[in-house]
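# Structure at a glance
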Amino acid sequence: MAQFAAILQRAILDKPVVDNTGITSRYDFDLAWTPEENQFGGQLPPGQPDSARPGLFAAMQQQLGLKIEATRGPIDILVIDGVQRPSDN
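To keep things clear, this report deals only with the structure shown in the data block. None of the values given here were measured: they were computed from a predicted structure.

On a plain count of helices and strands, the protein chain comes out with two helices and zero strands. When each of the 89 residues of the protein chain is scored for burial, the buried share is 16%. Intrachain contacts of the protein chain at a sequence separation of at least 6 include 44% that bridge at least 24 residues. Just so you have it, the protein chain exposes about 7,900 Å², and 49% of that area is on carbon and sulfur atoms.

So, in structure tokens, the structure goes:
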């Protein structure tokens, strides 16, 4: 599930995704949903969306029994205050 959460965060959604399921086993599954304009960084896969399929959040709950909940919490970030070229010595 941690790998699935990472894929959701990196490729599909524009927000951090945290795995709180506690599931550590590996699973093979197919998830069918209709992508929305704000998913995949706005670069939707080619072809016409299948409007008969549910949205991502409904599909996850219906097909996998997983629920995504929006919450607030701390996240790790890296802040770069400035950059300088290294000296020649």
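Take the packing of helix 1 (residues 2-12) against helix 2 (residues 56-64) next. Angle between the axes and distance between the axes: these two values describe a pair of packed helices. Two elements in contact, helix 1 and helix 2, have axes whose closest approach is 14 Å; the angle formed by their N-to-C orientations is 160°. Comparing their axes, helix 2 and helix 1 come out roughly antiparallel. Both helix 1 and helix 2 take part in a crossing whose hand is right-handed. Of helix 2, the residues touching helix 1 (which contributes F4, L8 and I12) are L56, M60 and L64. Here the residues of the contact of helix 1 with helix 2 sort into six nonpolar, no polar and no charged.

In this section: the environment of G22. Topologically, G22 is positioned in the loop between helix 1 and helix 2. Along the chain, G22 and M1 lie 21 residues apart, while their C-alpha atoms are 8.1 Å from each other.

Another point: the side chain of T34. Summarising the element assignment, T34 is placed in the loop between helix 1 and helix 2. Within the local environment of T34, its side chain forms a polar contact with the backbone oxygen of R53, the two atoms lying 2.9 Å apart.

All of the buried residues in helix 1 are F4, A5, L8 and I12. Seen from one end, helix 1 has its buried residues packed into an arc of 105°, which puts them on one side. Facing away from the buried surface of helix 1 by more than 90 degrees, the exposed residues are A2, Q3 and R10. Packed against the buried residues of helix 1 are helix 2.

Within the largest apolar cluster, 11 residues are counted, these being M1, F4, L8, I12, L13, L31, W33, L56, A59, M60 and L66. Among the secondary structure elements, those contributing two or more residues to this core are helix 1 and helix 2. If we ignore the near neighbours within four places in the chain, the residues touching A59 are L31, A32, W33, P54 and L64.

Criteria and thresholds
- Residues numbered from 1 in each chain as written.
- Predicted model: local features only at pLDDT ≥ 70, side-chain atom pairs only at ≥ 80, totals over all residues.
- Heavy atoms only, no water.
- Helix = DSSP H or I, 4+ residues; strand = E, 2+ residues; numbered from the N terminus.
- Buried < 20%, exposed > 50% of the residue type's maximum accessible area, 1.4 Å probe, protein only.
- Contact = heavy atoms within 4.5 Å.
- Areas by Shrake-Rupley, 256 points an atom, 1.4 Å probe, with all protein chains shown as cover.
- Axes fitted to C-alpha atoms, helices over the stretch in contact; angles between N-to-C directions.
- Parallel < 35°, antiparallel > 145°, perpendicular 65-115°, else oblique.
- Left-handed = near helix turned anticlockwise from the far one by under 90°.
- Nonpolar A, V, L, I, M, F, W, Y, C, P; charged D, E, K, R; others polar.
- Polar contact = N/O pair within 3.5 Å; in protein donor to acceptor, adjacent residues only side chain to side chain.
- Arc of directions from axis to C-beta.
- Core = buried A, V, L, I, M, F, W, Y, C linked by side-chain atoms within 4.5 Å.

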